[in-house]
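Summary of the model geometry
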Protein chains: 2
Amino acid sequence: MRLLLVLLLAAAAAAVVANAGAESVLREVTDVPTAVSSAAADALFCDSWMLSVETGNMGPWRQVPRRCGAFVRAYMEGERYKSDSAVVAAESLAFAAQAIASGEGGARPAWVFDVDETLLSNAHYYAVSGWGLVEFNETSFDAWVDVAKAPALPYSLKLYHELQGLGFHIILLTGRSESQRNATGANLLFAGYHSWEKLILRQPSDIGKTAVQYKSERRAAMEVEGFKILGNSGDQWSDLIGLPVSTRSFKLPNPMYYIS
Amino acid sequence: MRLLLVLLLAAAAAAVVANAGAESVLREVTDVPTAVSSAAADALFCDSWMLSVETGNMGPWRQVPRRCGAFVRAYMEGERYKSDSAVVAAESLAFAAQAIASGEGGARPAWVFDVDETLLSNAHYYAVSGWGLVEFNETSFDAWVDVAKAPALPYSLKLYHELQGLGFHIILLTGRSESQRNATGANLLFAGYHSWEKLILRQPSDIGKTAVQYKSERRAAMEVEGFKILGNSGDQWSDLIGLPVSTRSFKLPNPMYYIS
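Because the structure is a prediction, the values reported are computed rather than measured.

1. Re the side chain of N254(A)
Residues and elements named next belong to chain A. For N254, the position within the fold is in the segment after β5 (248-251). One polar contact links the side chain of N254 to the main-chain amide nitrogen of M256, over a distance of 2.8 Å. Among all residues touching N254, those that are not within four sequence positions of it are V53, E54, E117, D235 and Q236.

2. Focus on the sheet that holds strand β5 (residues 248-251) of chain B
Residue and element names in this part refer to chain B. With parallel pairing, 5 strands are arranged side by side in an open sheet as β3-β2-β1-β4-β5. Both outer strands of the open sheet, β3 (198-202) and β5, are each paired with one neighbouring strand and no more. Pairs of neighbouring strands in the sheet enclose a mean axial angle of 20°, with direction left out of account. Bridge count for strand β4 (residues 228-234) against β5 is 4 bridges, and the pairing is parallel. Counted as the bridge partner of S233 is F250 from β5. Of the strands in this sheet, β1 (109-113), β4 and β5 are in contact with helix α4 (residues 79-101), which crosses β5 at around 165°.

3. Digging into the state of the cysteines
All names here are of chain B. One pass over the full model with this rule turns up 2 disulfides over all chains. Note on cysteine connectivity: C46 is disulfide-linked to C68, with sulfurs 2.1 Å apart. Judged by the sign of its S-S torsion, about -90°, the bond between C46 and C68 is left-handed. Taken together, the residues C46 in helix α2 (residues 38-55) and C68 in the loop between α2 and α3 (69-77) connect sequence positions 22 residues apart. Taking the relative accessible area as the measure of exposure, C46 reaches 0% and is therefore buried. Using a relative accessible area of 0% as the deciding quantity, one classes C68 as buried.

4. What to know about empty space enclosed by the protein
Enumeration according to the criterion identifies 5 cavities of 30 Å³ or more in this entry. As for the largest cavity, its lining consists of D47(A), M50(A), L51(A), R80(A), D84(A), D47(B), M50(B), L51(B), R80(B) and D84(B). Elements with a contribution of two residues or more to the lining of the largest cavity: α2 (38-55) and α4 (79-101) of chain A together with α2 and α4 of chain B. Its residues placed into classes, the lining of the largest cavity shows 4 nonpolar, no polar and 6 charged.

5. Quick look at the environment of A101(A)
Residues and elements named next belong to chain A. Among the structural elements, A101 can be located in helix α4. On the accessibility criterion, A101 (71% relative accessible area) is exposed. Separated by 65 residues in sequence, A101 and L166 have C-alpha atoms that sit 9.3 Å apart.

6. Notes on the packing of aromatic side chains
If you walk through the whole model with that rule in mind, you get 33 aromatic pairs over all chains. On the numbers, 6.3 Å between centres and 35° between planes, the contact of Y125(A) with W144(A) is tilted. With Y125(A) in helix α5 (residues 123-127) and W144(A) in helix α6 (residues 138-147), this pair connects stretches of sequence that are 19 residues apart. Take Y125(A) and W144(A): they sit in the same class, and that class is buried. Both rings, one in F113(B) and one in Y160(B), keep their centres 5.8 Å apart while their planes meet at 40°; by these two values the pair is tilted. Of this pair, F113(B) sits in strand β1 while Y160(B) sits in helix α7 (residues 154-166), placing them 47 residues apart in sequence. Looking at F113(B), the relative accessible area reads 1%, which means it is buried. Three or more aromatic residues link up through ring pairs in this structure, and these residues are F95(A), W111(A), F113(A), Y160(A), F168(A), Y193(A) and F250(A). Over the aromatic face of F227(A) sits the side chain of R108(A), whose NZ or CZ is 4.1 Å from the ring centroid.

7. Some thoughts on the environment of L44(B)
Residue and element names in this part refer to chain B. Locating L44 in the fold gives a position in helix α2. A residue is classified by how much of its surface remains accessible, and L44, at 12% relative accessible area, is buried. Measuring from C-alpha to C-alpha, the distance between L44 and F71 comes to 9.9 Å, with 27 residues separating the pair along the chain.

8. Focus: the pattern of salt bridges
Opposite charge on two side chains allows them to pair when their charged atoms are near. Summed over the entire model, instances satisfying the criterion amount to 32 salt bridges over all chains. Where R73(B) meets E77(B), a salt bridge forms, and the shortest distance between an N and an O atom there is 3.2 Å. Of this pair, R73(B) and E77(B) both sit in helix α3, 4 residues apart, which is roughly one turn of that helix. Owing to a relative accessible area of 44%, R73(B) belongs among the partly exposed residues under this scheme. A salt bridge links K215(B) to D239(B); the nearest nitrogen and oxygen atoms lie 2.6 Å apart. You can see K215(B) sitting in helix α9 (residues 211-224) and its partner D239(B) sitting in the loop between β4 and β5, a full 24 residues away along the chain. Residues K215(B) and D239(B) agree in their burial class; the two are buried. Taken together, the shared-partner salt bridges in this structure form one network comprising D47(A), R80(A), D47(B) and R80(B).

9. Side note on unusual backbone geometry
Going from L243(A) to P244(A), the amide bond is cis rather than trans, its omega being -10°. Inspection of the secondary structure puts P244(A) in the loop between α10 (237-240) and β5. Phi at E117(B) takes a positive value of approximately 65°, unusual for a residue other than glycine. Structurally, E117(B) is set in the loop between β1 and α5 (123-127). Although it is not a glycine, A148(B) adopts a positive phi angle of roughly 60°. Looking at where A148(B) falls in the secondary structure, it is placed in the loop between α6 (138-147) and α7.

Definitions and cut-offs
Residues numbered from 1 in each chain as written. Chains lettered and ligands numbered in written order. Predicted model: local features only at pLDDT ≥ 70, side-chain atom pairs only at ≥ 80, totals over all residues. Heavy atoms only, no water. Helix = DSSP H or I, 4+ residues; strand = E, 2+ residues; numbered from the N terminus. Polar contact = N/O pair within 3.5 Å; in protein donor to acceptor, adjacent residues only side chain to side chain. Contact = heavy atoms within 4.5 Å. Pairing = 2+ DSSP bridges. Axes fitted to C-alpha atoms, helices over the stretch in contact; angles between N-to-C directions. Disulfide = S-S within 2.5 Å. Buried < 20%, exposed > 50% of the residue type's maximum accessible area, 1.4 Å probe, protein only. 1 Å grid on protein atoms, 1.4 Å probe; cavity = no way out; pocket = protein on both sides within 12 Å on 5 of 7 lines; lining within 4 Å. Points joined across faces, edges and corners; volume = space filled by probe spheres on them. Nonpolar A, V, L, I, M, F, W, Y, C, P; charged D, E, K, R; others polar. Phe/Tyr/Trp six-rings, centres within 6.5 Å; stacked < 30°, edge-to-face > 60°. Lys NZ or Arg CZ within 6 Å of the ring centre and 35° of its normal. Salt bridge = Lys/Arg side-chain N within 4 Å of Asp/Glu carboxyl O.

What follows is the structure, encoded as C-alpha coordinates:
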(Lines give C-alpha, C1' and ligand atoms only; values in the text may rest on other atoms or scores of the structure.)
Protein backbone atom coordinates (compact mmCIF):
# COMPACT_ATOMS: atom_id res chain seq x y z
CA MET A 1 0.00 0.00 0.00
CA ARG A 2 2.82 2.40 0.91
CA LEU A 3 4.72 1.48 -2.26
CA LEU A 4 1.66 2.00 -4.41
CA LEU A 5 1.07 5.38 -2.89
CA VAL A 6 4.67 6.30 -3.49
CA LEU A 7 4.40 5.26 -7.11
CA LEU A 8 1.20 7.15 -7.57
CA LEU A 9 2.60 10.34 -6.15
CA ALA A 10 5.69 10.06 -8.31
CA ALA A 11 3.55 9.67 -11.40
CA ALA A 12 1.28 12.48 -10.32
CA ALA A 13 4.31 14.66 -9.90
CA ALA A 14 5.48 13.74 -13.39
CA ALA A 15 2.06 14.66 -14.72
CA VAL A 16 2.20 17.99 -12.93
CA VAL A 17 5.56 18.74 -14.48
CA ALA A 18 4.45 17.61 -17.94
CA ASN A 19 1.32 19.71 -17.79
CA ALA A 20 2.81 22.84 -16.33
CA GLY A 21 2.81 24.63 -19.69
CA ALA A 22 -0.36 23.28 -21.23
CA GLU A 23 -2.53 24.20 -18.26
CA SER A 24 -1.83 27.89 -18.27
CA VAL A 25 -5.18 28.91 -19.72
CA LEU A 26 -7.34 30.26 -16.94
CA ARG A 27 -10.78 28.89 -16.52
CA GLU A 28 -13.81 29.82 -14.54
CA VAL A 29 -16.43 27.28 -13.74
CA THR A 30 -19.81 28.92 -13.50
CA ASP A 31 -22.16 25.98 -13.77
CA VAL A 32 -24.05 25.96 -10.48
CA PRO A 33 -27.69 25.34 -9.62
CA THR A 34 -29.74 28.39 -10.60
CA ALA A 35 -32.61 28.37 -8.11
CA VAL A 36 -30.73 30.47 -5.55
CA SER A 37 -29.95 34.18 -5.22
CA SER A 38 -26.76 35.68 -6.57
CA ALA A 39 -25.06 35.99 -3.16
CA ALA A 40 -26.16 32.50 -2.17
CA ALA A 41 -25.05 31.20 -5.56
CA ASP A 42 -21.63 32.75 -5.04
CA ALA A 43 -21.36 31.23 -1.57
CA LEU A 44 -22.33 27.82 -2.90
CA PHE A 45 -19.98 28.07 -5.86
CA CYS A 46 -17.05 29.34 -3.80
CA ASP A 47 -17.42 26.51 -1.30
CA SER A 48 -17.23 24.08 -4.21
CA TRP A 49 -14.38 25.99 -5.81
CA MET A 50 -12.39 25.79 -2.59
CA LEU A 51 -13.08 22.07 -2.20
CA SER A 52 -11.81 21.64 -5.75
CA VAL A 53 -8.64 23.55 -4.87
CA GLU A 54 -8.08 21.54 -1.69
CA THR A 55 -8.56 18.16 -3.36
CA GLY A 56 -6.25 19.12 -6.24
CA ASN A 57 -9.08 18.72 -8.76
CA MET A 58 -8.62 22.30 -9.89
CA GLY A 59 -5.20 21.89 -11.45
CA PRO A 60 -3.02 24.98 -11.86
CA TRP A 61 -4.67 28.38 -11.24
CA ARG A 62 -3.42 31.94 -11.01
CA GLN A 63 -6.03 33.96 -9.21
CA VAL A 64 -9.01 33.49 -6.97
CA PRO A 65 -12.17 33.83 -9.11
CA ARG A 66 -13.46 37.39 -8.76
CA ARG A 67 -16.80 36.24 -7.31
CA CYS A 68 -14.91 34.40 -4.55
CA GLY A 69 -12.86 37.30 -3.23
CA ALA A 70 -15.22 37.98 -0.34
CA PHE A 71 -15.48 34.25 0.36
CA VAL A 72 -11.71 33.86 0.65
CA ARG A 73 -11.46 36.84 2.97
CA ALA A 74 -14.30 35.56 5.16
CA TYR A 75 -12.74 32.09 5.21
CA MET A 76 -9.30 33.34 6.18
CA GLU A 77 -10.56 35.72 8.84
CA GLY A 78 -13.27 33.48 10.23
CA GLU A 79 -13.69 30.33 12.25
CA ARG A 80 -13.49 27.87 9.37
CA TYR A 81 -9.80 28.39 8.69
CA LYS A 82 -9.09 27.83 12.36
CA SER A 83 -11.33 24.78 12.51
CA ASP A 84 -9.96 23.24 9.30
CA SER A 85 -6.40 23.81 10.54
CA ALA A 86 -7.22 22.29 13.93
CA VAL A 87 -8.57 19.12 12.34
CA VAL A 88 -5.52 18.70 10.09
CA ALA A 89 -3.24 19.12 13.09
CA ALA A 90 -5.23 16.62 15.14
CA GLU A 91 -5.07 14.05 12.31
CA SER A 92 -1.34 14.66 12.00
CA LEU A 93 -0.72 14.15 15.71
CA ALA A 94 -2.87 11.02 15.87
CA PHE A 95 -0.84 9.47 13.07
CA ALA A 96 2.47 10.65 14.52
CA ALA A 97 1.79 9.20 17.95
CA GLN A 98 0.74 5.86 16.51
CA ALA A 99 3.75 5.73 14.17
CA ILE A 100 6.19 6.42 17.00
CA ALA A 101 4.45 3.92 19.26
CA SER A 102 4.84 1.22 16.62
CA GLY A 103 8.51 2.09 16.04
CA GLU A 104 7.87 2.91 12.39
CA GLY A 105 10.31 5.78 12.33
CA GLY A 106 13.39 3.83 13.30
CA ALA A 107 16.35 5.73 14.71
CA ARG A 108 15.67 9.03 12.93
CA PRO A 109 11.95 9.68 12.56
CA ALA A 110 11.43 12.96 10.71
CA TRP A 111 8.61 15.34 9.95
CA VAL A 112 8.85 17.84 7.10
CA PHE A 113 7.09 21.19 7.30
CA ASP A 114 6.66 23.78 4.61
CA VAL A 115 6.89 27.35 5.99
CA ASP A 116 4.45 29.82 4.36
CA GLU A 117 0.80 29.10 5.17
CA THR A 118 2.00 25.96 6.97
CA LEU A 119 4.03 27.19 9.96
CA LEU A 120 3.72 30.93 9.37
CA SER A 121 0.61 32.84 8.36
CA ASN A 122 0.94 35.53 5.72
CA ALA A 123 -2.72 36.45 6.03
CA HIS A 124 -1.76 39.97 7.09
CA TYR A 125 0.15 40.42 3.84
CA TYR A 126 -2.66 39.02 1.72
CA ALA A 127 -5.18 41.17 3.58
CA VAL A 128 -3.50 44.23 2.07
CA SER A 129 -2.78 42.50 -1.23
CA GLY A 130 -6.25 41.52 -2.41
CA TRP A 131 -6.69 38.08 -0.83
CA GLY A 132 -5.48 36.22 -3.92
CA LEU A 133 -7.61 38.26 -6.33
CA VAL A 134 -4.48 39.70 -7.91
CA GLU A 135 -1.48 37.80 -9.19
CA PHE A 136 1.41 37.15 -6.85
CA ASN A 137 3.82 40.11 -6.57
CA GLU A 138 7.25 38.85 -5.63
CA THR A 139 8.66 42.28 -4.81
CA SER A 140 6.05 43.19 -2.22
CA PHE A 141 6.00 39.68 -0.78
CA ASP A 142 9.78 39.73 -0.35
CA ALA A 143 9.44 43.03 1.51
CA TRP A 144 6.92 41.36 3.84
CA VAL A 145 9.31 38.44 4.37
CA ASP A 146 12.07 40.87 5.35
CA VAL A 147 9.87 42.36 8.06
CA ALA A 148 9.98 38.88 9.67
CA LYS A 149 6.88 39.33 11.79
CA ALA A 150 4.46 36.78 10.32
CA PRO A 151 2.66 35.03 13.18
CA ALA A 152 2.51 31.28 13.72
CA LEU A 153 -0.47 29.30 12.58
CA PRO A 154 -1.48 28.34 16.12
CA TYR A 155 -2.42 24.69 15.47
CA SER A 156 0.78 24.15 13.52
CA LEU A 157 2.82 25.62 16.38
CA LYS A 158 1.12 23.29 18.82
CA LEU A 159 1.69 20.31 16.52
CA TYR A 160 5.32 21.29 16.06
CA HIS A 161 5.92 21.18 19.79
CA GLU A 162 4.00 17.92 20.17
CA LEU A 163 6.08 16.29 17.43
CA GLN A 164 9.26 17.44 19.13
CA GLY A 165 7.93 15.90 22.33
CA LEU A 166 7.45 12.60 20.48
CA GLY A 167 11.09 12.68 19.34
CA PHE A 168 10.67 13.75 15.72
CA HIS A 169 13.47 15.46 13.84
CA ILE A 170 11.85 18.54 12.37
CA ILE A 171 12.98 19.57 8.90
CA LEU A 172 11.74 22.82 7.36
CA LEU A 173 11.62 22.81 3.58
CA THR A 174 10.58 26.08 1.99
CA GLY A 175 10.45 27.60 -1.47
CA ARG A 176 11.95 30.79 -0.04
CA SER A 177 15.46 31.52 -1.31
CA GLU A 178 18.76 31.18 0.54
CA SER A 179 19.01 34.98 0.58
CA GLN A 180 16.00 34.95 2.91
CA ARG A 181 17.57 32.61 5.46
CA ASN A 182 18.17 35.21 8.14
CA ALA A 183 14.74 36.79 7.85
CA THR A 184 13.07 33.38 7.77
CA GLY A 185 14.95 32.08 10.79
CA ALA A 186 14.25 35.27 12.72
CA ASN A 187 10.56 35.10 11.82
CA LEU A 188 10.28 31.46 12.89
CA LEU A 189 11.85 32.26 16.26
CA PHE A 190 9.61 35.32 16.62
CA ALA A 191 6.59 33.07 16.02
CA GLY A 192 7.68 30.54 18.64
CA TYR A 193 9.37 27.81 16.58
CA HIS A 194 12.77 26.61 17.65
CA SER A 195 15.21 23.69 17.56
CA TRP A 196 14.58 22.60 14.00
CA GLU A 197 17.02 20.05 12.59
CA LYS A 198 17.41 21.88 9.27
CA LEU A 199 15.99 24.86 7.46
CA ILE A 200 16.29 24.16 3.74
CA LEU A 201 15.87 27.03 1.28
CA ARG A 202 16.18 27.28 -2.51
CA GLN A 203 19.75 27.58 -3.69
CA PRO A 204 20.75 29.43 -6.86
CA SER A 205 20.96 26.01 -8.56
CA ASP A 206 17.24 25.47 -7.81
CA ILE A 207 16.09 28.45 -9.85
CA GLY A 208 13.71 27.35 -12.57
CA LYS A 209 12.73 24.13 -10.81
CA THR A 210 9.11 23.59 -9.89
CA ALA A 211 8.39 23.24 -6.20
CA VAL A 212 7.61 19.57 -6.82
CA GLN A 213 11.03 18.95 -8.31
CA TYR A 214 12.98 21.02 -5.79
CA LYS A 215 11.21 19.58 -2.76
CA SER A 216 11.34 15.99 -4.01
CA GLU A 217 15.10 16.26 -4.50
CA ARG A 218 15.52 17.53 -0.97
CA ARG A 219 13.38 14.76 0.51
CA ALA A 220 15.47 12.22 -1.39
CA ALA A 221 18.60 13.74 0.18
CA MET A 222 17.02 13.46 3.64
CA GLU A 223 16.45 9.75 3.12
CA VAL A 224 20.05 9.29 2.03
CA GLU A 225 21.03 10.94 5.32
CA GLY A 226 19.07 8.31 7.21
CA PHE A 227 15.90 10.21 8.06
CA LYS A 228 12.64 8.30 7.88
CA ILE A 229 10.10 10.88 6.72
CA LEU A 230 6.93 9.79 8.46
CA GLY A 231 4.94 12.98 7.97
CA ASN A 232 4.89 15.95 5.65
CA SER A 233 2.74 19.03 6.18
CA GLY A 234 2.13 21.60 3.45
CA ASP A 235 -0.54 23.93 2.14
CA GLN A 236 0.28 23.08 -1.51
CA TRP A 237 0.06 19.71 -3.24
CA SER A 238 3.50 20.56 -4.64
CA ASP A 239 4.81 20.28 -1.06
CA LEU A 240 3.53 16.71 -0.83
CA ILE A 241 3.77 14.93 -4.18
CA GLY A 242 6.85 13.65 -5.99
CA LEU A 243 9.24 10.87 -5.00
CA PRO A 244 10.07 10.13 -2.26
CA VAL A 245 6.88 10.88 -0.37
CA SER A 246 6.36 10.71 3.35
CA THR A 247 4.44 7.84 4.91
CA ARG A 248 1.48 10.21 5.35
CA SER A 249 0.98 13.66 3.87
CA PHE A 250 -1.18 16.40 5.34
CA LYS A 251 -2.70 19.11 3.16
CA LEU A 252 -3.31 22.35 5.04
CA PRO A 253 -5.96 24.66 3.62
CA ASN A 254 -5.02 27.57 1.40
CA PRO A 255 -7.57 29.17 -0.91
CA MET A 256 -5.35 32.21 -1.60
CA TYR A 257 -2.77 30.97 -4.08
CA TYR A 258 -1.40 28.01 -6.03
CA ILE A 259 2.24 26.90 -6.48
CA SER A 260 3.13 24.22 -9.04
CA MET B 1 4.36 52.74 -4.54
CA ARG B 2 6.81 50.12 -3.40
CA LEU B 3 7.68 52.22 -0.34
CA LEU B 4 4.02 52.68 0.51
CA LEU B 5 3.44 48.98 0.39
CA VAL B 6 6.46 48.31 2.58
CA LEU B 7 5.15 50.82 5.11
CA LEU B 8 1.75 49.20 4.99
CA LEU B 9 3.34 45.84 5.62
CA ALA B 10 5.38 47.22 8.48
CA ALA B 11 2.18 48.57 10.01
CA ALA B 12 0.51 45.22 9.51
CA ALA B 13 3.47 43.54 11.15
CA ALA B 14 3.21 45.90 14.11
CA ALA B 15 -0.42 44.95 14.45
CA VAL B 16 0.62 41.31 14.35
CA VAL B 17 3.04 41.85 17.19
CA ALA B 18 0.34 43.57 19.23
CA ASN B 19 -2.00 40.65 18.64
CA ALA B 20 0.54 37.89 19.09
CA GLY B 21 -0.90 36.92 22.45
CA ALA B 22 -4.40 36.51 21.12
CA GLU B 23 -3.16 34.41 18.19
CA SER B 24 -1.22 32.00 20.29
CA VAL B 25 -4.08 30.53 22.27
CA LEU B 26 -4.15 26.87 21.40
CA ARG B 27 -7.32 24.88 21.20
CA GLU B 28 -8.29 21.27 20.71
CA VAL B 29 -10.20 20.06 17.68
CA THR B 30 -13.42 19.89 19.61
CA ASP B 31 -12.79 23.22 21.26
CA VAL B 32 -14.74 25.68 19.15
CA PRO B 33 -15.61 29.26 19.96
CA THR B 34 -17.81 29.44 23.01
CA ALA B 35 -20.06 32.10 21.51
CA VAL B 36 -21.57 29.54 19.18
CA SER B 37 -24.18 26.98 20.02
CA SER B 38 -23.52 23.28 20.09
CA ALA B 39 -25.24 22.92 16.72
CA ALA B 40 -23.02 25.61 15.22
CA ALA B 41 -19.96 23.94 16.73
CA ASP B 42 -20.98 20.65 15.15
CA ALA B 43 -21.50 22.34 11.79
CA LEU B 44 -18.06 23.92 11.96
CA PHE B 45 -16.40 20.67 13.01
CA CYS B 46 -18.22 18.57 10.43
CA ASP B 47 -17.26 20.95 7.60
CA SER B 48 -13.64 20.50 8.67
CA TRP B 49 -14.04 16.77 9.09
CA MET B 50 -15.42 16.47 5.56
CA LEU B 51 -12.60 18.59 4.12
CA SER B 52 -10.18 16.24 5.86
CA VAL B 53 -11.92 13.24 4.28
CA GLU B 54 -11.92 14.82 0.82
CA THR B 55 -8.23 15.80 0.91
CA GLY B 56 -7.23 12.35 2.16
CA ASN B 57 -5.83 13.81 5.39
CA MET B 58 -8.15 11.62 7.43
CA GLY B 59 -6.58 8.29 6.57
CA PRO B 60 -8.71 5.15 6.98
CA TRP B 61 -12.02 5.54 8.81
CA ARG B 62 -14.99 3.29 9.44
CA GLN B 63 -17.92 5.45 10.38
CA VAL B 64 -19.08 9.03 10.13
CA PRO B 65 -18.57 10.69 13.55
CA ARG B 66 -21.85 10.59 15.42
CA ARG B 67 -22.07 14.37 15.69
CA CYS B 68 -21.80 14.61 11.88
CA GLY B 69 -24.70 12.35 10.99
CA ALA B 70 -27.10 15.24 10.44
CA PHE B 71 -24.41 17.12 8.53
CA VAL B 72 -23.83 14.23 6.12
CA ARG B 73 -27.54 13.86 5.50
CA ALA B 74 -27.96 17.60 4.90
CA TYR B 75 -24.95 17.61 2.60
CA MET B 76 -26.13 14.66 0.53
CA GLU B 77 -29.70 15.92 0.25
CA GLY B 78 -28.89 19.58 -0.25
CA GLU B 79 -27.40 21.93 -2.80
CA ARG B 80 -23.76 21.51 -1.80
CA TYR B 81 -23.44 17.94 -3.06
CA LYS B 82 -24.89 19.07 -6.38
CA SER B 83 -22.65 22.13 -6.53
CA ASP B 84 -19.49 20.25 -5.55
CA SER B 85 -20.29 17.58 -8.13
CA ALA B 86 -20.96 20.21 -10.80
CA VAL B 87 -17.59 21.87 -10.22
CA VAL B 88 -15.71 18.55 -10.38
CA ALA B 89 -17.48 17.70 -13.64
CA ALA B 90 -16.72 21.13 -15.11
CA GLU B 91 -13.04 20.82 -14.17
CA SER B 92 -12.97 17.36 -15.70
CA LEU B 93 -14.51 18.54 -18.97
CA ALA B 94 -12.24 21.57 -19.24
CA PHE B 95 -9.20 19.32 -18.91
CA ALA B 96 -10.63 16.69 -21.27
CA ALA B 97 -11.38 19.20 -24.03
CA GLN B 98 -7.93 20.75 -23.76
CA ALA B 99 -6.24 17.33 -23.74
CA ILE B 100 -8.10 16.18 -26.85
CA ALA B 101 -7.46 19.50 -28.61
CA SER B 102 -3.73 19.10 -27.99
CA GLY B 103 -3.73 15.49 -29.22
CA GLU B 104 -2.51 14.25 -25.84
CA GLY B 105 -4.60 11.10 -25.94
CA GLY B 106 -3.17 9.66 -29.13
CA ALA B 107 -5.22 7.04 -30.96
CA ARG B 108 -7.04 5.65 -27.93
CA PRO B 109 -7.78 8.37 -25.37
CA ALA B 110 -9.52 6.82 -22.38
CA TRP B 111 -11.39 7.97 -19.29
CA VAL B 112 -11.87 5.67 -16.32
CA PHE B 113 -14.94 5.97 -14.12
CA ASP B 114 -15.68 4.26 -10.86
CA VAL B 115 -19.35 3.29 -10.51
CA ASP B 116 -20.76 3.74 -6.98
CA GLU B 117 -21.02 7.40 -5.90
CA THR B 118 -19.25 8.30 -9.16
CA LEU B 119 -21.69 7.37 -11.94
CA LEU B 120 -24.51 5.97 -9.79
CA SER B 121 -25.87 7.44 -6.57
CA ASN B 122 -26.64 5.08 -3.72
CA ALA B 123 -27.99 7.91 -1.59
CA HIS B 124 -31.37 6.20 -1.45
CA TYR B 125 -29.74 3.15 0.11
CA TYR B 126 -27.73 5.18 2.61
CA ALA B 127 -30.80 7.24 3.48
CA VAL B 128 -32.33 4.08 4.96
CA SER B 129 -29.00 2.80 6.29
CA GLY B 130 -27.93 5.59 8.62
CA TRP B 131 -25.99 7.88 6.26
CA GLY B 132 -22.64 6.30 7.10
CA LEU B 133 -23.25 6.33 10.86
CA VAL B 134 -23.25 2.54 10.92
CA GLU B 135 -20.63 0.24 9.47
CA PHE B 136 -21.04 -0.99 5.90
CA ASN B 137 -23.39 -3.99 5.62
CA GLU B 138 -22.48 -6.02 2.56
CA THR B 139 -25.61 -8.14 2.60
CA SER B 140 -28.06 -5.27 2.51
CA PHE B 141 -25.96 -3.32 0.02
CA ASP B 142 -25.82 -6.32 -2.32
CA ALA B 143 -29.60 -6.55 -2.15
CA TRP B 144 -29.80 -2.89 -3.15
CA VAL B 145 -27.40 -3.52 -6.06
CA ASP B 146 -29.64 -6.35 -7.29
CA VAL B 147 -32.60 -3.97 -7.47
CA ALA B 148 -30.58 -2.10 -10.12
CA LYS B 149 -32.46 1.16 -9.79
CA ALA B 150 -29.80 3.55 -8.47
CA PRO B 151 -30.12 6.87 -10.30
CA ALA B 152 -27.32 8.62 -12.15
CA LEU B 153 -25.36 11.41 -10.54
CA PRO B 154 -26.59 14.06 -12.97
CA TYR B 155 -23.33 15.94 -13.50
CA SER B 156 -21.47 12.67 -14.02
CA LEU B 157 -24.04 11.59 -16.61
CA LYS B 158 -23.62 14.88 -18.45
CA LEU B 159 -19.81 14.57 -18.30
CA TYR B 160 -20.00 10.98 -19.52
CA HIS B 161 -21.90 12.04 -22.63
CA GLU B 162 -19.61 15.01 -23.21
CA LEU B 163 -16.53 12.77 -23.01
CA GLN B 164 -18.09 10.38 -25.50
CA GLY B 165 -18.69 13.36 -27.77
CA LEU B 166 -15.00 14.23 -27.52
CA GLY B 167 -14.06 10.72 -28.61
CA PHE B 168 -13.02 9.19 -25.30
CA HIS B 169 -13.10 5.44 -24.74
CA ILE B 170 -15.02 5.05 -21.50
CA ILE B 171 -13.86 2.32 -19.15
CA LEU B 172 -15.84 1.51 -16.02
CA LEU B 173 -13.76 0.06 -13.18
CA THR B 174 -15.72 -0.93 -10.11
CA GLY B 175 -15.10 -2.78 -6.87
CA ARG B 176 -18.35 -4.67 -7.41
CA SER B 177 -17.89 -8.39 -8.08
CA GLU B 178 -18.26 -10.25 -11.37
CA SER B 179 -21.41 -11.86 -9.96
CA GLN B 180 -22.99 -8.40 -10.04
CA ARG B 181 -22.25 -7.80 -13.74
CA ASN B 182 -25.83 -8.18 -14.96
CA ALA B 183 -27.34 -6.05 -12.25
CA THR B 184 -24.67 -3.39 -12.69
CA GLY B 185 -25.03 -3.24 -16.46
CA ALA B 186 -28.81 -3.08 -16.16
CA ASN B 187 -28.57 -0.30 -13.57
CA LEU B 188 -26.18 1.74 -15.69
CA LEU B 189 -28.52 1.49 -18.69
CA PHE B 190 -31.49 2.35 -16.46
CA ALA B 191 -29.63 5.47 -15.31
CA GLY B 192 -28.85 6.59 -18.86
CA TYR B 193 -25.27 5.36 -19.38
CA HIS B 194 -24.51 3.40 -22.55
CA SER B 195 -21.77 2.43 -25.01
CA TRP B 196 -18.99 1.93 -22.52
CA GLU B 197 -15.85 0.26 -23.84
CA LYS B 198 -15.49 -2.10 -20.87
CA LEU B 199 -17.13 -2.78 -17.55
CA ILE B 200 -14.48 -4.26 -15.28
CA LEU B 201 -15.55 -5.99 -12.06
CA ARG B 202 -13.64 -7.86 -9.35
CA GLN B 203 -12.85 -11.45 -10.31
CA PRO B 204 -12.52 -14.28 -7.78
CA SER B 205 -8.74 -13.83 -8.07
CA ASP B 206 -9.10 -10.24 -6.82
CA ILE B 207 -10.57 -11.24 -3.47
CA GLY B 208 -8.44 -9.93 -0.64
CA LYS B 209 -6.83 -7.20 -2.72
CA THR B 210 -7.27 -3.60 -1.66
CA ALA B 211 -9.10 -1.39 -4.11
CA VAL B 212 -5.82 0.42 -4.74
CA GLN B 213 -4.10 -2.81 -5.78
CA TYR B 214 -6.99 -4.20 -7.84
CA LYS B 215 -7.66 -0.95 -9.68
CA SER B 216 -3.98 -0.19 -10.31
CA GLU B 217 -3.52 -3.63 -11.89
CA ARG B 218 -6.47 -3.04 -14.19
CA ARG B 219 -5.23 0.39 -15.25
CA ALA B 220 -1.85 -1.17 -16.05
CA ALA B 221 -3.63 -3.72 -18.26
CA MET B 222 -5.49 -0.90 -20.06
CA GLU B 223 -2.18 0.76 -20.89
CA VAL B 224 -0.81 -2.52 -22.25
CA GLU B 225 -3.88 -2.62 -24.50
CA GLY B 226 -2.94 0.79 -25.89
CA PHE B 227 -5.31 3.06 -24.01
CA LYS B 228 -3.97 6.42 -22.90
CA ILE B 229 -5.75 7.09 -19.60
CA LEU B 230 -6.15 10.85 -19.60
CA GLY B 231 -8.73 11.11 -16.86
CA ASN B 232 -9.93 9.09 -13.89
CA SER B 233 -13.00 9.93 -11.84
CA GLY B 234 -13.71 8.39 -8.46
CA ASP B 235 -15.21 9.21 -5.07
CA GLN B 236 -12.43 7.36 -3.20
CA TRP B 237 -8.69 8.09 -3.21
CA SER B 238 -8.28 4.33 -3.72
CA ASP B 239 -9.87 4.80 -7.16
CA LEU B 240 -7.17 7.28 -8.10
CA ILE B 241 -3.84 6.37 -6.49
CA GLY B 242 -1.39 3.59 -7.38
CA LEU B 243 0.58 3.16 -10.57
CA PRO B 244 -0.21 3.80 -13.33
CA VAL B 245 -2.23 6.92 -12.63
CA SER B 246 -4.16 8.90 -15.18
CA THR B 247 -2.83 12.20 -16.47
CA ARG B 248 -5.35 13.96 -14.20
CA SER B 249 -7.46 12.49 -11.42
CA PHE B 250 -10.75 13.86 -10.19
CA LYS B 251 -11.98 13.22 -6.65
CA LEU B 252 -15.75 13.30 -6.37
CA PRO B 253 -17.18 14.07 -2.93
CA ASN B 254 -18.30 11.29 -0.62
CA PRO B 255 -18.63 11.87 3.12
CA MET B 256 -20.55 8.62 3.67
CA TYR B 257 -17.90 5.91 3.58
CA TYR B 258 -14.23 5.07 3.04
CA ILE B 259 -12.69 2.27 0.94
CA SER B 260 -8.96 1.47 1.20
